[in-house]
Amino acid sequence: MKKILALIMIAVLTLGLAACVATPPASGQTTGTSSGVIKIGIVNNPPSESGYRAANVADFERVFNEANGYKASTFYSLKNDEQLNAAQQFITDGVDYLLISAAATDGWTNVLENAKNAGIKVFLFDRMMNVDESLFEAAVVSDMAAQGRMAVQWLKEQELPEYNVVHIQGAMGSDAQIGRTTPLDDEFAKGTMNCVIQQTATWDEATAKQIVESVINSGEKFNVVYAENDGMAKGAVAALDEAGITHGVDKEVIIIGFDCNKWALRELLAGNWNLDVQCSPFQADKIDEMIKDLEAGKTLPEKIVINDETYFDARTITQEDIDKYGLGD
Amino acid sequence: MGNGLKKFTRSQLVIPLFSLLLLVVFNLIRDVEFFSVSIVTNNQGNRVLSGNLISILNGASAVAIISIGMTLITSSCKGQDISVAAVAAIAGSVFVSVLRSNEITVPVIILAFLFSCLVTVLFSTFNGILVAIFKIQPMIATLILFSAGRSIAYWINGGATPTVSSPLLSSIGGFIPGIPIPSPIIIMVMFLILISLVLRFTNLGLYTQVVGINEETAHLNGINPILIKLIAFMISGICVATAGCITVCRIGLINHETLLLDAEMDVILTVAIGGTALSGGKFNLYGSVIGAYIIQALTVTLYAMKVPSAAVKAYKAIVIIVIVMISSPVVKEFAINLYKKLFKKQVGTNIPMKAS
């Protein structure tokens with residue numbers, strides 16, 4: 001008897017959960033497309049994921065709202081299956097456009113085919129997925145390797161007599177880590193730069209500090225810290241400060257970070273760091289532009305659109321750059 | 001003298017001290033310079049101590065402080081609190097948000113710290129109520145905050161990784177002007193002294209062990225097990241808040257996703273290495289603290305050997321398996337029997353040393 005009761009309970013709970021998952025996108029019902037309002041469904045990762053994502057979500061809220069002629073419904077999840085369900089629900093609701101930043105690259109073919117059959121146009125943003133290119137209109141993504149190349153290129157332009165690099169990596173295997181590591185690895189392989197140490201701090205500031213501390217304690221000399229995000233660069237700088245090693249513009253050690261948080265850019269402006277490479281979370285304007293083009297009957301020139309990204313040099317950065325490009329506050 | 005040695009070899013401190021000694025000897029053989037400490041002038045213009053030894057003592061402070069609370073919880077509740085690192089992230093976030101809404105002065109820092117203590121004690125008490133009153137297994141009860149803690153910290157931060165900077169904060173996380181020893185080490189020592197005094201001049205230590213050994217007996221003797229367990233969790237809350245705030249001050253930034261990431265596992269290991277049975281009962285605070293230094297010494301050694309940090313955890317695991325195996329009763333008994341067989345006549349003093 002108890003077992004049967006337990007089974008019933010489990011069934012009820014599962015149904016309840018399924019209902020929870022399915023309900024959020026069910027808003028945005030028929031308002032009639034003739035009114036000129038464009039209905040879009042956005043599937044994204046939750047803003048709690050990172051500062052990057054918070055800026056990304058805010059950017060989409062800024063562009064896709066009723067003032068700009070959009071009726072947008074958004075669904076957030078870190079889980080691919082929940083995202084798939086939500087996308088399917090958006091298709092059933094009959095949106096005009098579907099904007100997706102997928103939690104995982106696989107498993108989307110079916111849903112995108114359904115969208116295509118329903119005449120719904122799909123845009124991918126931030127993250128690519130493993131599907132045939134015919135299934136989406138365009139993808140607006142970041143090129144992590146380009147970010148790494150930018151940083152390494154800048155470093156080479158400094159024409160230091162020798163490059164002794166402390167390389168602090170992000171979580172191994174992540175897109176950002178691979179993209180930002182490869183160009184520097186190439187230089188190490190060519191022998192143009194000398195790798196003092198290459199360690200992953202898994203994006204953790206405190207671990208980055210420990211790694212740099214151990215290098216300092218070993219007595220090895222270095223003149224570049226290449227940290228694959230701002231937080232780890234800050235950790236590394238904390239270790240340098242404690243050991244009395246100067247850093248920044250025209251100092252002993254060059255500091256390179258990634259992501260362009262506002263606080264990191266302020267460090268650049270103060271001359272404590274040397275370079276920060278942008279990883280842009282701002283894709284909404286580009287997608288807005290492409291949707292307008294499609295509505296006007298134009299065709300899109302390219303499938304893969306790489307985010308315009310840039311970098312900031314401590315010697316040229318201005319307060320305006322910080323206000324415009326900085327993430328967070 | 002022989003009696004003293006006998007007493008020492010039986011104490012819970014043998015294994016942790018011996019392991020620490022082993023690490024020290026290993027490092028001295030590998031590189032004589034490893035433990036050399038030098039005085040450098042840091043970028044704030046203070047003359048401070050620097051070297052691997054300082055890195056070890058400094059780096060281990062957060063884990064050592066949390067391990068004090070964890071030891072009490074382990075002893076009284078026969079289980080571990082796995083939410084400590086996540087709650088530390090909450091503490092750090094509260095600390096930073098109070099600091100950011102005020103001008104940073106000494107009273108504001110104290111206020112921010114007290115406020116984060118209050119918050120963590122509330123969260124820890126929540127854990128404690130689940131464990132002590134509802135009798136849920138500690139690991140399951142704390143699983144709730146283990147998974148939710150960092151999300152709560154996210155809400156407090158509003159998603160970003162806010163930074164705070166002030167010379168006052170860097171004196172807490174780094175060096176106080178004029179004192180060459182890193183402040184986290186000083187805080188750790190003060191904390192340990194404080195807790196030792198509390199345990200010495202109250203019956204808390206005894207009661208905690210009694211509750212851990214036999215709850216029923218404790219109850220019959222007029223000790224309220226629920227209260228003792230709750231107190232253990234509350235003390236742990238203060239430990240966690242201290243560790244979280246120190247970690248924030250070190251870097252001047254709160255990253256709720258990575259602050260003390262995986263530290264709960266290090267802390268539990270620390271307690272285990274320190275000679276406190278994870279099934280509760282007798283505990284040894286100093287053992288736990290030494291355990292924290294062992295883990296940090298191991299990490300620093302591996303970094304110095306340029307072991308890829310992704311692999312550091314695997315190497316750590318191997319060493320820890322060895323330490324835990326050595327201290328397991330089965331191995332101990334086997335070693336003692338072996339020793340008896342080999343040297344039948346002089347059974348005595350240094351048995352556990354050989355067992356190690």
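## Here we look at the confidence of the model for chain B
Scored by pLDDT, chain B comes out at a mean of 90, with 94% of its residues at no less than 70. Within chain B, helix H6 (residues 106–132) of chain B carries the highest mean pLDDT (97), whereas helix H17 (residues 351–355) of chain B carries the lowest (48).

## Notes on empty space enclosed by the protein
As enumerated under the stated definition, the model contains 4 cavities of 30 Å³ or more in all. Considering only enclosed or pocket space, the largest cavity measures out at about 130 Å³ in volume. As for the largest cavity, its lining consists of 15 residues, and the residues nearest its centre are A:Glu213, A:Glu242, B:Leu49, B:Ser50 and B:Ser55. The set of elements that each furnish at least two residues to the lining of the largest cavity consists of helix H7 (205–218) and helix H8 (230–243) of chain A together with strand S2 (47–50) and helix H3 (52–59) of chain B. Looking at the lining of the largest cavity residue by residue, the classes come out as 8 nonpolar, 5 polar and 2 charged.

## Topic: the packing of helix H9 (residues 183–201) of chain B against helix H14 (residues 285–304) of chain B
Describing two packed helices takes the angle between their axes plus the distance from one axis to the other. All names here are of chain B. Look at H9 against H14: their axes get within 11 Å of each other, and the N-to-C directions meet at 165°. Taken together, H9 and H14 sit at an angle that is classed as roughly antiparallel. Regarding H9 and H14, the two cross each other, and that crossing is right-handed. On H14, the residues that touch Met188, Leu192, Ile195, Ser196 and Leu199 of H9 are Leu285, Tyr286, Val289 and Tyr293. Per-class residue counts for the contact of H9 with H14 are 8 nonpolar, 1 polar and no charged.

## What to know about the sheet that holds strand S1 (residues 38–44) of chain A
Strand pairing within a sheet occurs via backbone hydrogen bonds; the two strands may be parallel or antiparallel. All names here are of chain A. Spatial strand order, S2-S1-S3-S4-S5-S11: 6 strands in an open sheet with parallel pairing. With partners counted over all chains shown, the strands left at the sheet margins are strand S2 (70–76) and strand S11 (304–306), one partner each. Strand-to-strand, the axes of this sheet are offset by a mean angle of 20°, without reference to chain direction. Here strand S5 (residues 138–141) runs beside S11; their pairing, made up of 3 bridges, is parallel. What sits directly across from Val140, in S11, is Val305. Along the sheet, helix H3 (residues 80–93) makes contact with S1, S2 and strand S3 (97–100), crossing S1 at roughly 170°.

## So, the pattern of salt bridges
One pass over the full model with this rule turns up 21 salt bridges over all chains. Measuring nitrogen to oxygen at the nearest pair gives 3.3 Å for the salt bridge that ties B:Lys306 to A:Glu220. Highlighted residues: B:Lys306 in the loop between H14 and helix H15 (309–326) and A:Glu220 in the loop between H7 and strand S8 (224–227), drawn from two different chains. A:Glu220 gets classed as partly exposed once you look at its relative accessible area, which sits at 34%. Salt bridges here are not isolated pairs; linked through shared partners, they connect B:Lys78, B:Lys135, B:Glu215 and B:Lys229.

## Things to note about the interface of chain B and chain A
Many authors give the size of an interface as the accessible area that is lost as the parts come together. Each partner contributes residues to the interface: chain B has 34 residues there, and chain A has 36 residues. When the buried surface of chain B facing chain A is broken down by residue, B:Asn43, B:Ile251 and B:Tyr303 rank first, second and third, together holding 23% of it. Joining chain B to chain A, the criterion identifies 1 salt bridge. Counting every contact that joins chain B to chain A gives 15 residue pairs in polar contact (both at pLDDT 80 or more).

Analysis parameters
- Residues numbered from 1 in each chain as written.
- Chains lettered and ligands numbered in written order.
- Predicted model: local features only at pLDDT ≥ 70, side-chain atom pairs only at ≥ 80, totals over all residues.
- Heavy atoms only, no water.
- pLDDT = per-residue confidence, 0-100.
- Helix = DSSP H or I, 4+ residues; strand = E, 2+ residues; numbered from the N terminus.
- 1 Å grid on protein atoms, 1.4 Å probe; cavity = no way out; pocket = protein on both sides within 12 Å on 5 of 7 lines; lining within 4 Å.
- Points joined across faces, edges and corners; volume = space filled by probe spheres on them.
- Nonpolar A, V, L, I, M, F, W, Y, C, P; charged D, E, K, R; others polar.
- Axes fitted to C-alpha atoms, helices over the stretch in contact; angles between N-to-C directions.
- Parallel < 35°, antiparallel > 145°, perpendicular 65-115°, else oblique.
- Left-handed = near helix turned anticlockwise from the far one by under 90°.
- Contact = heavy atoms within 4.5 Å.
- Pairing = 2+ DSSP bridges.
- Salt bridge = Lys/Arg side-chain N within 4 Å of Asp/Glu carboxyl O.
- Buried < 20%, exposed > 50% of the residue type's maximum accessible area, 1.4 Å probe, protein only.
- Buried area = accessible area lost by both parts, 1.4 Å probe.
- Polar contact = N/O pair within 3.5 Å; in protein donor to acceptor, adjacent residues only side chain to side chain.

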